[in-house]
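Results of the structural survey
Residues per chain are reported as follows:
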Amino acid sequence: MILLKKKKYLQDKHLALFEIENSDQILNEYGNFILEGFIKALSLNLKKLSQDKAELFHFRDNTFGLLMDHYDPYSFEKKIENLKQNIYIGNIFIYPELSIGMAKFVDTQERLLQEAEIAQAYSRKNLFSYYYFNSGINKLHNKKLSILSEVPAAIENNQFHLYFHPKVEIKTGLINSAEVLIRWVHPREGIIYPNLFMPYIEKIHLIHTFTNWLIKASLEIQEKWEKDGFPMKLALNTPIACLKNKSITNTLKKYDKSLKGLEFEILERNLIEDFDEISSVMKCLKKYGITFALDDFGTGFSAISSLRNLPFDKLKIDQMFIKNMHIDSKDYNIVKASITLGKSMDLEIVAEGVENIDTFNLLKDLNCDYAQGYFTTKPLEAEKFKKFCIEHNNYAKASLE
């Protein structure tokens, strides 16, 4: 056991777990020397912020524990604010992205650690500065585990459904492309969103099987729509590792038509690998007509490097910058600079998170190509999506005449 403390010693103690979420990014971007310096500096900061009787533990490479006699919410929050400051290592400023969970000793050190880990995971998922364990999230955690155990059967029983979120061409107002989203229609729980089941699918190594199913299902419905006179380019969120998997590439290569209607959206955080290998994979698939978009632009370490080294066709600006750009000058300037950068590299620009007409008009003035968001509609099931797009495009065409 990690703590190795007797029950009497742990009585009334509080354990706070600090996990460094961006440790892998730091390692891949700056190397092991900088990462080690960053971890050492963070541990020193933790010692400075801890109480006199608090004990600091280094559990794993990216996880620290602080065992405390007392816990005051206001004081602890202030300490976290001070802890989350840029750390200066070798002429580089690095911001510590931390997920923090806390729990109080009840009966065993195993339970103390488990409850702190559950709280820490809840903090990460909900983007809290930290979270203190309570019995309510324990029930949610157990329920989540029970539901996730049903994932393999859900794939076999076709419980995963495709939803579609349109991308509006800003100049014309027409919809000719959409992002494919996945919803698990659970027989008891109803609709379950990907942020719950996708990490589990990756963890149990079903991601290649799942991605293969997603590609086949998307191509099938796309082919059906084309026969109905309803062509639609479809964009799939795909881990870059899956595109190196032979079963998936074989699925694509065996398709007897051009794949120019298929696009893969690649997350920045999935690009902390060898650029030469990724570029080779992308170029091979582009021969079949497939295009690529860099998703969530601006949220990771490697944005500019990715654009410089990889053959992307589109740049998708993350919604965190889009949502408030009509009222926040900093967000506006970030979006403006991102569009200018993308255009200078001959990329089409997609803005994600467009929720009002003011944002749409600003993007139009900035020469953005596509807008995606609830301003147009929420994600829709296939038939509802098709009907919505036909009605929308008829109206848009009439407005252009």
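Everything quoted here is computed from the prediction, not taken from an experiment. (Residues numbered from 1 in each chain as written. Predicted model: local features only at pLDDT ≥ 70, side-chain atom pairs only at ≥ 80, totals over all residues. Heavy atoms only, no water.)

Details of the sheet that holds strand 6 (residues 98-104)
Pairing in this open sheet of 5 strands is mixed, and the strands run 2-3-1-6-7 from one edge to the other. Of all strands in the sheet, those bounded by a partner on one side alone are strand 2 (55-60) and strand 7 (131-132). Here strand 1 (residues 14-20) runs beside strand 6; their pairing, made up of 7 bridges, is antiparallel. Across the sheet, H14 pairs through a bridge with K104, a residue of strand 6. Along the sheet, helix 4 (residues 73-83) contacts strand 1, strand 3 (63-68) and strand 6; its crossing angle with strand 6, the most-contacted strand, is approximately 155°. (Pairing = 2+ DSSP bridges. Helix = DSSP H or I, 4+ residues; strand = E, 2+ residues; numbered from the N terminus. Contact = heavy atoms within 4.5 Å. Axes fitted to C-alpha atoms, helices over the stretch in contact; angles between N-to-C directions.)

Quick look at the packing of helix 2 (residues 23-30) against helix 3 (residues 32-49)
Pairs of packed helices are described in terms of their axes, by the angle between the two and the distance that separates them. The geometry of helix 2 relative to helix 3 is characterised by a closest axis approach of 7 Å and an angle of 140° between their N-to-C directions. Taken together, helix 2 and helix 3 sit at an angle that is classed as oblique. Along its contact with helix 2, which presents S23, I26, L27 and Y30, the element helix 3 presents N32, I34, L35 and F38. (Parallel < 35°, antiparallel > 145°, perpendicular 65-115°, else oblique.)

Remarks on the pairing of strand 2
Note that strand 2 and strand 3 share 5 bridges and pair antiparallel. The residue bridging R60 from the neighbouring strand is T63, located in strand 3. Hairpin connection from strand 2 to strand 3: 2 residues lie between these consecutive antiparallel strands.

Description of the packing of aromatic side chains
What the rule picks out here adds up to 16 aromatic pairs. Residues F210 and W213 carry aromatic rings whose centres are separated by 5.4 Å and whose planes lie at 45° to one another, so their mutual orientation is tilted. Of this pair, F210 and W213 both sit in helix 9 (residues 207-227), 3 residues apart, which is roughly one turn of that helix. On the basis of relative accessibility, which here comes to 2%, the residue F210 falls in the buried class. (Phe/Tyr/Trp six-rings, centres within 6.5 Å; stacked < 30°, edge-to-face > 60°. Buried < 20%, exposed > 50% of the residue type's maximum accessible area, 1.4 Å probe, protein only.)

Concerning the pattern of salt bridges
Going through the model one piece at a time under the given rule, you end up with 17 salt bridges. Between D228 and K386 there is a salt bridge; the shortest N-O distance is 3.1 Å. With D228 in the loop between helix 9 and strand 11 (233-237) and K386 in helix 16 (residues 382-400), the pair connects residues that are 158 residues apart, well separated along the chain. E265 is paired through a salt bridge with K316; the nearest N and O atoms lie 3.0 Å apart. Taken together, the residues E265 in strand 12 (residues 262-267) and K316 in strand 14 (residues 314-317) connect sequence positions 51 residues apart. Both residues of the pair, E265 and K316, count as buried. What emerges from the salt-bridge pattern is a single network uniting K167, E179, E263, E265, K314, K316, E348 and E352. (Salt bridge = Lys/Arg side-chain N within 4 Å of Asp/Glu carboxyl O.)

Things to note about helix 3
Taking 1.5 Å per residue, 18 residues should reach 26 Å; helix 3 reaches 26 Å between its end C-alpha atoms and fits that length. Looking only at helix 3, the buried set comprises I34, L35, F38, I39, A41, L42, S43 and L46. (Expected span 1.5 Å × (residues − 1).)

Digging into unusual backbone geometry
In this structure, N158 is a non-glycine residue whose phi angle is positive, near 55°. Relative to the helices and strands, N158 resides in the loop between helix 7 (151-156) and strand 8 (160-169). Residue N158 is classed as exposed on the basis of its relative accessible area, which comes to 54%. Backbone geometry at N367 places phi at a positive 70°, although glycine is not the residue there. Within the fold, N367 resides in the loop between helix 15 (357-365) and strand 16 (370-372). Overall, N367 belongs to the partly exposed group, its relative accessible area being 38%.

Let's talk about the environment of T108
Following the sequence through the fold, T108 ends up in the loop between strand 6 and helix 5 (109-126). Taking relative accessible area as the criterion, T108 reaches 33% and is therefore assigned partly exposed. For the pair T108 and L10, spaced 98 residues apart in sequence, the C-alpha separation works out to 8.6 Å. Side-chain polar atoms of T108 contact the backbone nitrogen of R111, separated by 3.1 Å. (Polar contact = N/O pair within 3.5 Å; in protein donor to acceptor, adjacent residues only side chain to side chain.)

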